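Residue-level structural notes
Listed below, chain by chain, are the residues.
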Amino acid sequence: MTVTIQQDEAVAASGDGKAGKGRRRGLLLLILGALSAIGPLSIDMYLPALPAIRGEMLTGAAQVQLTLTACLIGVSVGQVIAGPLSDVRGRRVPLLVGVAAYALTSLLCAFAPSVNALIALRLLQGIAGGAALVIVRAVVRDLYDGPAITRIFATLMLVSGLAPIVAPVAGAQLLVVTSWRGVFVSLSVAGLLLLLAVLLGVRETLPAERRDGGGLRHTVSTFGHLIRDRSFMAGALAAGLGFAGMFAYVSGSPFVLQEIYGVTPTGFSLIFGLNALGLTLMAQVGGRLAGRVPPARLVVIGLLVSLAGAAGLVAGVATGLGLVAVIVSLFVLMCGVGLSLPGSGALALAGQPPQVAGSASALLGVLQFSLGAVAAPLVGLGGSGSALPMALVMAGLTGAALVAFLVLSRGRTVPAVRNIQTAPVVPAVVGDGLPSELPGDLQGKRPVDVSAG
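Keep in mind the model is a prediction, meaning the values are calculated, not measured.

Scoring rules and cut-offs
Residues numbered from 1 in each chain as written. Predicted model: local features only at pLDDT ≥ 70, side-chain atom pairs only at ≥ 80, totals over all residues. Heavy atoms only, no water. Helix = DSSP H or I, 4+ residues; strand = E, 2+ residues; numbered from the N terminus. Buried < 20%, exposed > 50% of the residue type's maximum accessible area, 1.4 Å probe, protein only. Contact = heavy atoms within 4.5 Å. Areas by Shrake-Rupley, 256 points an atom, 1.4 Å probe, with all protein chains shown as cover. Salt bridge = Lys/Arg side-chain N within 4 Å of Asp/Glu carboxyl O. Phe/Tyr/Trp six-rings, centres within 6.5 Å; stacked < 30°, edge-to-face > 60°. Expected span 1.5 Å × (residues − 1). Axes fitted to C-alpha atoms, helices over the stretch in contact; angles between N-to-C directions. Parallel < 35°, antiparallel > 145°, perpendicular 65-115°, else oblique. Left-handed = near helix turned anticlockwise from the far one by under 90°. Nonpolar A, V, L, I, M, F, W, Y, C, P; charged D, E, K, R; others polar. Disulfide = S-S within 2.5 Å. pLDDT = per-residue confidence, 0-100.

1. Topic: the overall build of the chain
- Each helix and strand counted, the chain has 17 helices and two strands in total.
- Across the 453 residues of the chain, 57% fall into the buried class.
- Residue pairs in contact within the chain that sit at least 24 positions apart in sequence constitute 86% of those at least 6 positions apart.
- Working note: accessible area of the chain is about 17600 Å², and carbon and sulfur atoms make up 68% of it.

Put into structure tokens, the structure is as follows:
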């Protein structure tokens, strides 16, 4: 009887330990998802206020859209700095510095006296936010490999995907009680909350013995190797060009929907939220299919769906079919982005060793946000009197993403995908209901506890 009781107690203790691990890992994924929402929060929350900023500062649409471009350029620069730095110094300290700087620069944006000052401050805000974004992807690569990366990216997109749904609605409601400056104060508060979450819930995922000891020359060499890697560039360019097409929509839709089609700020936020919901749901579909459908096939299907939506948008605008046709086309396009974006990013990172995960994540992010930075003013330069410039830019970038992926992956990505799907993995103690793979190159090594508590 005594032995039986002791065995029962041991089983119960083991179950409690696994449940505790599961809760901590779930908390970690929630924090990482919230950190990956920094980008959508920085961009989407003040979108309904773009016309108001233009009116207050007596400037043009193209100049206001440069505040978006500056943020994207800053995110690119921040990733180039923080990604390689995190390979050398670890993930946690650069992450804390980046989130703290994000909270500060967001507050400074609220006091910008002119559009030029706002552009400069948005650049600094983007640099700080870029550090968080790049390290989130590096942490995922530290812990997961193979199809698990796609599933985790999809899980993070489920969390961060709420930001594009909630942010414009919240921004529109804030404009009822305050000006656009109050939106940036809210972003600063969000940054402080994220800083507290990182302090309490994220530990180091890259131990000192696994860090890269190289300097600047080694970092440049690593970037060069990645650029010459066709498998990496196939996924990275597909993700970058696809993201740029999406950002052409993000930067152009406030003016198109509100000024051309007469949609109110609240109506715009609801339309924007609907499209973000489509993106998020399709990302979850892709995550569910990961491991059963080749990732490259999911990327191609997603890009084809996006291209169909972009073509429908061009046709609808050119023939004057009206607002309903525009909304339907945008929804289809965003659903395709949700299916292709997680898979293309996962394909780019999955074949890279953890020692260069920060650099690979940085280059991936640079391509996404630098191409997005180019797309934003292209939409504005076409003028604000027609939706056709936005539609053409979106269609061209989506088509370029599909062509780049098909050309660069020819004879390269398909074998890599097969290797990814069959890569050896070892179970990690992460608790029930969560992905439990760690990279095969960590076999025989003790899993790293990355959750505080």
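2. Examining the pattern of salt bridges
- Across all of its chains, the model carries three salt bridges by this definition.
- Its salt-bridge partner being arginine 54, residue glutamate 259 comes within 2.6 Å of it at the nearest N-O pair. Taken together, the positions of glutamate 259 in helix α11 (residues 230-260) and arginine 54 in helix α3 (residues 50-57) put the pair 205 residues apart, joining distant regions of the chain.
- In this structure, the salt-bridge partner of arginine 91 is aspartate 87, at a minimum N-O distance of 2.9 Å. By the burial criterion, arginine 91 is buried, and aspartate 87 matches it.

3. Details of the side chain of serine 253
- Secondary-structure assignment places serine 253 in helix α11.
- Ignoring any residue separated from it by four or fewer positions in sequence, one finds serine 253 in contact with Gln258, Phe268, Phe272 and Met390.

4. Brief notes about the packing of aromatic side chains
- By the definition in use, this model includes four aromatic pairs.
- When the ring of tryptophan 180 is compared with that of phenylalanine 184, the centres are 6.0 Å apart and the planes differ by 90°; the resulting orientation is edge-to-face. Here tryptophan 180 and its partner phenylalanine 184 are both found in helix α9 (residues 180-201), four residues apart, which amounts to about one turn of the helix. Of the two residues, tryptophan 180 and phenylalanine 184, neither departs from the other in class, the shared state being buried.
- Seen from their ring centres, tyrosine 249 and phenylalanine 272 are 5.4 Å apart, and the 10° between their planes marks the pair as stacked. You can see tyrosine 249 sitting in helix α11 and its partner phenylalanine 272 sitting in helix α12 (residues 265-289), a full 23 residues away along the chain.
- Residue classification places phenylalanine 272 among the buried residues on the basis of a relative accessible area of 4%.
- Following the ring pairs from residue to residue traces out a cluster consisting of Tyr249, Phe268 and Phe272.

5. A closer look at the environment of alanine 244
- Note on placement: alanine 244 falls in helix α11.
- A residue is classified by how much of its surface remains accessible, and alanine 244, at 0% relative accessible area, is buried.
- Expressed as a C-alpha distance, the spacing of alanine 244 and alanine 375, which sit 131 residues apart in the sequence, is 5.9 Å.
- Residue contacts for alanine 244: discarding those within four places in its chain leaves Leu371, Gly372, Ala375 and Leu397.

6. Re α9
- Between its terminal C-alpha atoms α9 stretches 32 Å, which fits the 32 Å expected from 22 residues at 1.5 Å a residue.
- Where α9 is concerned, the buried positions are Trp180, Gly182, Val183, Phe184, Leu187, Ser188, Gly191, Leu194, Leu195, Val198 and Gly201.

7. Things to note about the packing of helix α6 (residues 115-143) against α9
- Axis separation between α6 and α9 bottoms out at 14 Å; the angle between their running directions is 20°. The orientation of α6 relative to α9 falls into the category roughly parallel. At the point where α6 passes α9, the crossing takes the left-handed sense. Between α6, through Leu118, Arg122 and Gln125, and α9, the contact on the second element is made entirely by Trp180, Phe184 and Leu187.
- Here the residues of the contact of α6 with α9 are counted per class, giving four nonpolar, one polar and one charged.

8. Some points on the packing of α3 against α11
- Relative orientation of the contacting elements α3 and α11 amounts to 85°, with a least axis distance of 9 Å. Considered as vectors, α3 and α11 are oriented roughly perpendicular to each other. Residues Leu50, Pro51 and Arg54 of α3 lie in contact with α11, whose contacting residues are Pro254, Phe255, Gln258 and Glu259.
- Partitioning the contact of α3 with α11 into residue classes produces four nonpolar, one polar and two charged.

9. Things to note about the state of the cysteines
- Taken as a whole, this structure holds zero disulfides when the rule is applied.
- Free of any disulfide, cysteine 71 has its nearest cysteine sulfur in cysteine 109, 8.2 Å distant.

10. Things to note about the environment of tyrosine 46
- Along the polypeptide, tyrosine 46 turns up in the loop between α2 (38-44) and α3.
- Given a relative accessible area of 1%, tyrosine 46 falls into the buried group.
- On a C-alpha basis, the gap between tyrosine 46 and valine 183 in space is 6.4 Å, while along the polypeptide they are 137 residues apart.
- Once residues lying within four places of it in the same chain are set aside, the contact partners of tyrosine 46 are Ile53, Thr67, Leu68, Arg122, Val183 and Phe184.

11. Comments concerning the confidence of the model for the chain
- For the chain, per-residue confidence averages 77 on the pLDDT scale, and residues scoring 70 or more make up 81% of the total.
- Mean pLDDT values for the elements of the chain range from 28 in strand β1 (residues 426-427) up to 93 in helix α5 (residues 92-109).
- Segment residues 9-13 is flagged for pLDDT under 50; beyond a separation of four residues in sequence, or across chains, it makes zero contacts in the model.
- Throughout residues 413-453 the model reports pLDDT below 50, and contacts reaching past four residues in sequence, or to other chains, amount to 91 contacts.

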